[in-house]
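These are the residues of each chain, in order.
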Amino acid sequence: MNQNEFVPQIPYGTRDFLPREASRKRAIEAALAGMFVRWGYDEVVTPTIEYLDTLTLGAGCEVQQNLFKFFDKNNHLLALRPDMTTPIARVAASRLRESPLPLKLFYLTNVFRYEQAQAGRQCEFYQAGVELMGAAGPTGDAEVIALAVESMREAGLAEFQISLGQVEFINGIMEESGLALQQRQQVKLAMLTRDLVGLGEILAISGLSREVQHLLQRIPVWHGREDMLDQALTMVTNEKSRGALANLAEIYQLLKVYGVEQYVTFDLGIIRDFDYYTGMVFEGYTPGLGFPLCGGGRYDQMLNSFGAGAPATGFALGIERIMLALERQGKTDKAEAKNFYVAWPSGRLAAAITKAGQLRKSGYSVEVACQAQTEREAAASQTDKGFERLIYLTED
Ligand SMILES: N[C@@H](Cc1c[nH]c[nH+]1)C(=O)O
């Protein structure tokens, strides 16, 4: 190819998927889509752009800070979707309003968040996920968590862990403590970023009793197995927090039935970066990657804001993060195999095209050489291009 001084740039936070990566991405997405269908979920595709009002109606005003926003020709404010939960809630509350509940929907698509770009997460990134709408309580939550576990397995990951929390646990403690709204938000932010020092400082000037300060300070370190829930129960007296713990215990019983409980530990300090969550929340981690590969939870108020009250729960998986985790674990074999390279000497193009046609009909991937080659050249091309086998059509 021509060497040229000029290298065109792409915008901050975007990336290209070159053929090998694109093929690995496609293979993972195909495996996940197949699995969602096997679990009874139907695919939906929604527009990349939405009215800003729609996105903030569903997810709250805080979401605005990380949106790519712009105007259309009629001066309507538009934004790129930062996730699929709100667009799907919009669809469920409008075009699918008459459909029988529960609705089980899945998606594989790109979303956009104006945040610091990092390995495995650019500003534009890809998600696979499900939304289960119209199923209240632990049944739907357990299904979604079990599906998250199966998704990680389906993508090829062996070692991973799901951390399960409940936003009402923290809400209960904060309400009981009488913290002002602004302070509550500061506390939540410190917990979200796991900033324990900052959390300590906020609490120190909060005017709360030492006992309550201690309780709040300890929330981020409350993680463990089932017995941790019993311990937590001895620490809180308010109904909301106790209800949250009971809810987690019920979900866990169902996860045992799904046979996935070995992947699940509890983490009462989980705060997700969308604040539409109203119940259980979870995140999936794998060793060596400091950020979650998947996450989700229950959001029972969102459909209400679109005028169609129904409980809902769901999760999404970051495709690039899965790809990165697989790479770090040395598992990059999910790319599609390239089967045959068909090459030809001068005068044999027609025979090569015919041969390739037959092979493709049998399901093989085949490339036909674009020009006549010697057998040696053909062998070199086969290697360079990464084909498993070479077919060289000899002269008649
Ligand atoms: N939309 C959330 C995941 C989710 C789906 N449903 C509920 N939560 C995210 O992008 O993190």
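That block above? That's the structure.
Residues numbered from 1 in each chain as written. Predicted model: local features only at pLDDT ≥ 70, side-chain atom pairs only at ≥ 80, totals over all residues. Heavy atoms only, no water.

**Student:** Explain the overall build of the protein chain residue by residue, including any values.
**Tutor:** Counting secondary structure elements, the protein chain contains 14 helices and 15 strands. C-alpha atoms of the protein chain, sized along the principal axes, occupy 90 × 55 × 50 Å. Contacts in the protein chain between residues at least 24 apart in sequence constitute 72% of all its contacts with a sequence separation of at least 6. Taken as a whole, the protein chain presents about 19,900 Å² of accessible surface, with 51% of it coming from carbon and sulfur. Distance from the positive charge centre (39 side chains) to the negative charge centre (48 side chains) of the protein chain: 4 Å. (Helix = DSSP H or I, 4+ residues; strand = E, 2+ residues; numbered from the N terminus. Contact = heavy atoms within 4.5 Å. Areas by Shrake-Rupley, 256 points an atom, 1.4 Å probe, with all protein chains shown as cover. Lys, Arg positive; Asp, Glu negative; His and termini not counted. Charge placed at Lys NZ, Arg CZ, Asp CG, Glu CD.)

**Student:** So, the site of the ligand: which residues are in play, and what are the values?
**Tutor:** Of all residues adjacent to the ligand, which total 17 residues, the nearest are D83, T85, E131, R272 and Y277. In the model, a nitrogen atom of the ligand is placed 3.0 Å from a nitrogen or oxygen of the Y276 side chain. In this structure, a nitrogen atom belonging to the ligand sits 3.4 Å away from a main-chain N or O atom of G314. Coverage of the ligand by the protein amounts to 97% of the 300 Å² it exposes when considered alone. When contributions to the shell around the ligand are tallied by element, the ones reaching two or more residues are β6 (124-133), β11 (294-298) and β12 (312-318). In terms of residue class, the shell around the ligand is made up of seven nonpolar, six polar and four charged. (Near = heavy atom within 4 Å. Polar contact = N/O pair within 3.5 Å; in protein donor to acceptor, adjacent residues only side chain to side chain. Nonpolar A, V, L, I, M, F, W, Y, C, P; charged D, E, K, R; others polar.)

**Student:** I'd like a description of unusual backbone geometry, backed by residues and values.
**Tutor:** Each neighbour pair has its own omega, and for L101 with P102 the value is 0°, a cis peptide bond. Turning to its location among the elements, P102 is positioned in the loop between α3 (85-93) and β5 (103-112). Unusually for a residue other than glycine, N75 sits at a positive phi of about 65°. Looking at the secondary structure, you find N75 in the loop between β3 (69-71) and β4 (77-80).

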